[in-house]
Each structure stands twice: as C-alpha cells, then as structure tokens.
Amino acid sequence: MSELRLLGSMAAVASAYWGAGTKTAQVPPAGSFSYCHHVPQGRQSHHSFTRVEAAAGAAPAASQQWNARIAKTNRKSRFRDALSTVDFEEETIAPLPDLVAPQAGFLRSKKLSLNDWEEQAYQIILRQKLRNASPRGKEAQNLFVEPHVLDMRGSTDKQFEPYGIPPPKQVLLIKGISLEDAVFQRLARELGLERKWQPLMEYLTTLGICEGDFQRIADRHKACLQANVTAVQERVEFLVSLGVKREHLRKLIVRHPQIIEYTVERAVKPRIQYLKSLGLPENAFGRVITVAPSLLECSLQRSLKPRVRYLVDTVGVKEADMGLIITRSPQVLTQSIEDSLEPRVEFFTKKMGVSKERLAKMVTRHPQLLHYSVQDGIRPRVNYLRSIGMTKADVGKVLSRLTQVLSLSVENCLKPKYDYLVKELKGNVDMVTSFPAYFSLSLEQRIKPRHQFLVAMNRMPSGPFPMKCLAVTDACFCEQWAKSSLEEYYAFRNDLLLSNFAKKFESKNKVHI
C-alpha cells in the first residue's frame, strides 16, 4: 500500500471517530483497532486488528465484511508467523503496530486531534519502511518489541475531566520512533545488550562513537557498556582535564574501552602521580594516556615500578631521563620484562656486542627499540647493514648514533638510498658508517636535488661527495656550497620533483606525457 493511501486511511479512521452524526462513523470496541481501506467504488474491505485488551472483559469485534468462502485456517507469513484465518478480497493490508490504551474509549477522546492521528500514520509508515528494508527476516518484525511510555503530547489532567475519563498515569502508545532507537534495537539483538545500557551508549555517541564502533567495543570489552553513565562522564572529563583532546576520545575508547571503567581516585590519580614523580611533565599527560591507555591499569607495585627499576639498573638509563623516555615512548612501561624487554636487551648486548653505556644512550634517544620485534624488525635491518659490508662493530656504531634506522624500511628506504650513494655519488659503505644520518634524509627532496643542483651549477667538488652538504639547511647549502640564491635552488628542486613525478606516473599508468 502506498504511503499516501495509508495516511488517508488513518485520516479516515480519525473522521470515523470524530464524525458528527454520520452513518459511517463506527466506534470500535475496546481492545480492537478498526482500519478502513480505500477500495474501488461500491466495495469496501474492513479489517479489525485485536492487539491488547484495554479493559478487563473486553472482546475483539468481528468484522461484518469477512468472506467465509475464502477463509484459510493455516495461513502463515513469510516469517512463519500465524496470520488471520480470513483472507481479503481486495489487496492485502499491511499490519498495524501495537496500540495499547489503558482506558476503554480513550482513543475516542476529542483531545486526540486529527494531527495526532496523522502523526501516528507517519510513524507507522516509518516502521513499515524499516521493516521492509531490514534483511534480517523474522527479526525485522520485532524491531520495536517494547511499548514506549509517552505522555499525550502535553496533555494535562484537566483535558480529560470534561469527558469523564480519569487522566492516565502512563499512556502506552506508539512513540515517535527515532533512528537512535532503531540503531539501539539492532545493536541489542546483535550484541546482546540490555535496555538499561542505552543511556551510556547515547552519551558515548556524543563523543563521536558510531554504530560500527560499538561492535568493536563489544568485541574487546563488552562489560564496559554496563558502567554508570554519570561515573563515565566524570571519568571522561577528568581525562580531558589531564590533557586528552576531545577529538581523540573516540579512538581512545574504541581502542581501549576499559578506560571508561578506571576510577579517578583509585586508578588514574595514583598512576599519574607516580609518572609525575619520574619527571613526566604535566603537558605530556594527555599524550601519554592517548598513546598508552593501558598504563592506567598497570599495577604500581607489580608492573610499573619493577619495569622502571629494570631500565635503570639493567639497561643503564639515568633515572633523571625516565620522564623523557616515557614521553617519547609510553609503551615502554607496558612491556613485560620477561617476554619483551629482556629478549631485546640481550640481543643488543650479547648478539651485537653493544655495551651497557651505548645501549643506555640508544634507549634514551629512541626507546621504541624496546618494543620492536627482534625477528621481524631488528634482525632484518641489522642483516642488511651487514650485507653492504659493515662489521658488527660498525653496525653497533651506526645504531648508537642513528637508532631510528631500526624503524626504516629496508626495501623502500635503506636500499634505494645506499644504491644512489654508490651509483650516483660514487660513495661506499665507509661514508654511511661515518655519516649514518644519511639514511634518515629524504632521497627525493634532499639528496637528489642537492646533488643534481651542484652538478647543474658546476659546483661539484673533486673527490668524494661532501656528505656534510646534506646535513645543513637550504640557506646554508646555497650560500656555502652552491653559491647561488635560495629562490634559484627552490625553482630547480620543484622542476626536478615534477619531472620525477611525471616519469613515475607515466611508468605506473603506461601513458605518455
């Protein structure tokens, strides 16, 4: 049935209830809802849907328009639900949602205006759309299984007195169905949620959490959705006061939903005070919590303090540098000593021969190395440096001066830069051993432009390529090495970048530019 015809039908019901003395006005008995359907002239189908008895002893009304010749006793819906035993001669009428009234005759109150009935029709259309659009079969019929408590749109006790009807304390009718209700009902079925969890979920949506995020939250820690919404609000505001940015709250909660369960006084404050005692600056609290929220659930006595002592006593870092280390890599304090820290420390000290003093400097400069995988992260890069001719001592020297080399891709970074060094700059392994920062510079925006600009300006010195010219600023490079203006160098570099981009685009897309 089209939406307009359904709306017209509801208007017809309203006219039937409030029609003044018309012969077609019919009052349905309590507990039933009469629905007139527009059909071709001369014929009319009339169906009575009995929903919930509105008063004790009320019985459903039998339609006088049923045709006994086409009665069917075994009619089932496509979802295998029992249907009425009587078929219709006209097109099938879509079933109506449940309407429950506490008082017989309440629906005939003149205070329920025609506009209210039109609103009811709109909500029915919306429900039918949601049902038809849902792919979940039988469950789609039960999208809204609970009646909603609704005051009659601002109705007061005095509005009922002239009609001799006691004012209803709770009027159970179809409430305005919102998208949020539909989403929650769907999530409730899929994730096994309870109605009492909805207030917290509505609050979390104000933080940017969407429907798909709730699925990930439930997979990681469903129990957090049972938390008290007021307590969660207080905890979130405290995290914001520590410096956590509001735009990061969504990712933080989705990635580590346990954080909304951490109490302020017993969990968060003691750990923040301990980090502060290690020298962590207050302006770093927010970043540390965002990067490593699991710090707030680590035991002070069994986890955090032993790990700090291990870094100071075994690795050799200075206690005064702990604040700097935590700021650079908060995950260091979340790593297990036996499973994570010790294997990495032993690899550098026993396999690579790195001294305790040098390892302490490496950890202070780049603490991320303590949570790099030995097999997939550290060893492949060490093996590549050994493959180009570095000795074990050379590798240790390079790592101590440029520990970040352990985070660089072998295929996309280390190998292309070393190949350019050998083929274009006529260099060798000794040059990168003495100047390991070469691996950290951009090949396309620093190394190639400066080398080719010196060639174009005829400023290339004789002998080995001067690696120092790669370490200075653009202005210093132009003044000391290229003997030209900064604008001239920038114009050359931009043309070179565009030319390289065009070549890569042509090769990748097999087109000619």
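Residues numbered from 1 in each chain as written. Predicted model: local features only at pLDDT ≥ 70, side-chain atom pairs only at ≥ 80, totals over all residues. Heavy atoms only, no water.

(A) Highlighting the overall build of the protein. Secondary structure summary: the protein contains 20 helices and four strands in total. Across the protein, every contact between residues at least 6 apart in sequence was considered, and the portion connecting residues at least 24 apart equals 65%. Accessible area for the protein stands at about 28100 Å²; split by element, carbon and sulfur atoms hold 50% of it. (Helix = DSSP H or I, 4+ residues; strand = E, 2+ residues; numbered from the N terminus. Contact = heavy atoms within 4.5 Å. Areas by Shrake-Rupley, 256 points an atom, 1.4 Å probe, with all protein chains shown as cover.)

(B) Representation of the environment of Glu424 within the structure. In this fold, Glu424 is placed in the loop between helix H16 (410-423) and helix H17 (429-434). The exposure class assigned to Glu424 is partly exposed, which follows from its relative accessible area of 43%. Remark: the alpha-carbon pair of Glu424 and His451, spanning 27 residues in sequence, is separated by 8.9 Å. Other than its neighbours up to four places away in sequence, Glu424 contacts Asp419 and His451. (Buried < 20%, exposed > 50% of the residue type's maximum accessible area, 1.4 Å probe, protein only.)

(C) Summary view of unusual backbone geometry. The phi dihedral of Lys426 falls on the positive side, at around 60 degrees, and the residue is not glycine. Among the residues examined, Lys426 registers a relative accessible area of 65% and is labelled exposed. Unusually for a residue other than glycine, Lys483 sits at a positive phi of about 55 degrees. Take Lys483: it is sitting in the loop between helix H19 (474-482) and helix H20 (486-509).

(D) Structural context of the nonpolar core. Counting 115 residues, the largest nonpolar core has Met322, Phe348 and Tyr438 as its most contacted members. Residue contributions to this core peak at seven residues, all from helix H10 (residues 300-315). Those residues within four positions of Tyr438 in sequence are excluded, and the remaining contacts are Lys417, Tyr418, Tyr420, Leu421, Leu425, Val432, Ile447, Met467 and Leu470. (Core = buried A, V, L, I, M, F, W, Y, C linked by side-chain atoms within 4.5 Å.)

(E) Representation of the confidence of the model for the protein. Taken residue by residue, the protein gives an average pLDDT of 74. The fraction at 70 or more is 63%. Between residues 83-111, whose pLDDT stays under 50, and residues either more than four places distant or in other chains, the model counts 88 contacts. When the criterion is pLDDT under 50, residues 134-179 qualifies, and its contacts beyond four places in sequence or with other chains add up to 75 contacts. (pLDDT = per-residue confidence, 0-100.)

(F) Geometry of the packing of aromatic side chains. One pass over the structure, following the stated rule, counts seven aromatic pairs. Pairing Phe453 with Phe492 gives two aromatic rings, centres 5.2 Å apart and planes at 55 degrees, and the pair type is tilted. Here Phe453 is found in helix H18 (residues 443-456), whereas its partner Phe492 is found in helix H20, with 39 residues between them in sequence. Residue classification places Phe492 among the partly exposed residues on the basis of a relative accessible area of 24%. Each residue in the set Phe453, Phe477, Tyr489, Tyr490 and Phe492 is aromatic and connected to the rest through ring pairs, giving one cluster. (Phe/Tyr/Trp six-rings, centres within 6.5 Å; stacked < 30°, edge-to-face > 60°.)

(G) Fine view of the state of the cysteines. Per the stated rule, a full pass over the model turns up zero disulfides. You can see Cys478 has no disulfide; the closest cysteine sulfur is in Cys476, sitting 9.4 Å from it. Assessed through its relative accessible area of 2%, Cys478 is described here as buried. (Disulfide = S-S within 2.5 Å.)

(H) Region of the structure containing the environment of Val268. Tracing the chain through its elements places Val268 in helix H8 (residues 264-277). Apart from the residues within four sequence positions on either side, Val268 is in contact with Phe238, Leu242, Tyr262, Thr263 and Leu296.

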